[in-house]
Amino acid sequence: MPVKALRTTSTARNGLGAFILQCKRLDFHYCDHWGSSRGMNSFLTSPLLPHLSLTNPSIHISISPRPSHHPIIRASYINGREKVICVRNLQKEQILKKVELLRDAGGEKVRRVKGGRVVDSFGGIGREGVRGVWSPYHGEGRGVDWGRGKVER
């Protein structure tokens, strides 16, 4: 009786082996005449945009005029969703932060966390937890084993 091998396929897991940016396209829309587009116009003419395109070759960047409207940045993601941020009256450094925010986002819809209020373990509501903050240096005066095979006291 012949033995048959099982056919296996690899499951893509982002971050294992290679990281794939979720953002695939950034569209910059601006107006030449409105004052709210001054920051966007200075961003587009500064060396920040060429540096952004050189450091992120997997993102397609397009620039188009949008007359009589506030400037926006539209990001398209590989899951088919889009996010739009209005950047009216922002400086070019602030626009760069918004671009990095869109680039690093996953494209998923923002969802409310189930289960009510989320409590931070380090005193998110102004108090420590009942047991306090854990550290390997607390308790019984023991040190940390740094790979020497013995516990320092």
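Just above sits the structure.
Below or above, wherever it landed, is the structure these notes cover. None of the values given here were measured: they were computed from a predicted structure.

## Some words on the sheet that holds strand E3 (residues 72–77)
Consideration 1: Read across the open sheet, the four strands follow the order E2-E1-E3-E4; overall the sheet is mixed. The open sheet has two edge strands with one neighbour each: strand E2 (60–65) and strand E4 (82–86). Adjacent strand axes in the sheet meet at a mean angle of 15 degrees, parallel and antiparallel pairs treated alike.
Consideration 2: Pairing of strand E1 (residues 23–30) with E2, which is carried by six bridges, proceeds in the parallel orientation. Across the sheet, aspartate 27 pairs through a bridge with serine 62, a residue of E2.
Consideration 3: Against the sheet, helix H1 (residues 38–45) makes contact with E1, E2 and E3, and its axis sits at roughly 125 degrees relative to E1, the strand it touches most.
Consideration 4: Where helix H2 (residues 48–55) meets the sheet, its contacts fall on E1 and E2, and the angle it forms with E2 comes to roughly 150 degrees.

## Considering the pattern of salt bridges
Consideration 1: Inspection of the entire model under this criterion finds three salt bridges.
Consideration 2: Note that arginine 25 and aspartate 27 form a salt bridge whose closest N and O atoms lie 2.7 Å from each other.
Consideration 3: A salt bridge links aspartate 104 to arginine 103; its shortest N-O distance comes to 3.0 Å.
Consideration 4: Among the residues examined, aspartate 104 registers a relative accessible area of 53% and is labelled exposed.

## What about the environment of aspartate 32?
Consideration 1: Structurally, aspartate 32 can be placed in the loop between E1 and H1.
Consideration 2: Using a relative accessible area of 55% as the deciding quantity, one classes aspartate 32 as exposed.
Consideration 3: As a C-alpha pair, aspartate 32 and proline 71 span 39 residues in sequence and 9.9 Å in three-dimensional space.

## Regarding the packing of H1 against helix H3 (residues 92–104)
Consideration 1: It is the contact of H1 with H3, at a shortest axis distance of 8 Å, that shows an interaxial angle of 75 degrees. Taken together, H1 and H3 sit at an angle that is classed as roughly perpendicular. Counted together, Gly39, Met40, Ser42 and Phe43 of H1 and Lys92, Ile95, Leu96 and Val99 of H3 form the full contact between these two elements.
Consideration 2: Classifying every residue of the contact of H1 with H3 gives five nonpolar, two polar and one charged.

## Considering H3
Consideration 1: For H3, spanning 13 residues, the distance from its first C-alpha to its last is 18 Å, which sits close to the expected 18 Å at 1.5 Å a residue.
Consideration 2: Among the residues making up H3, those that are buried are Ile95, Leu96, Val99, Leu102 and Arg103. Looking down the long axis of H3, one finds its buried residues gathered within 120 degrees of arc, a one-sided arrangement. Exposed residues pointing more than 90 degrees away from the buried face of H3 are listed as Lys97, Leu101 and Asp104.
Consideration 3: Buried residues in H3 make contact with E1, H1, H2, E3 and E4.

What counts and how
Residues numbered from 1 in each chain as written. Predicted model: local features only at pLDDT ≥ 70, side-chain atom pairs only at ≥ 80, totals over all residues. Heavy atoms only, no water. Pairing = 2+ DSSP bridges. Helix = DSSP H or I, 4+ residues; strand = E, 2+ residues; numbered from the N terminus. Axes fitted to C-alpha atoms, helices over the stretch in contact; angles between N-to-C directions. Contact = heavy atoms within 4.5 Å. Salt bridge = Lys/Arg side-chain N within 4 Å of Asp/Glu carboxyl O. Buried < 20%, exposed > 50% of the residue type's maximum accessible area, 1.4 Å probe, protein only. Parallel < 35°, antiparallel > 145°, perpendicular 65-115°, else oblique. Nonpolar A, V, L, I, M, F, W, Y, C, P; charged D, E, K, R; others polar. Expected span 1.5 Å × (residues − 1). Arc of directions from axis to C-beta.

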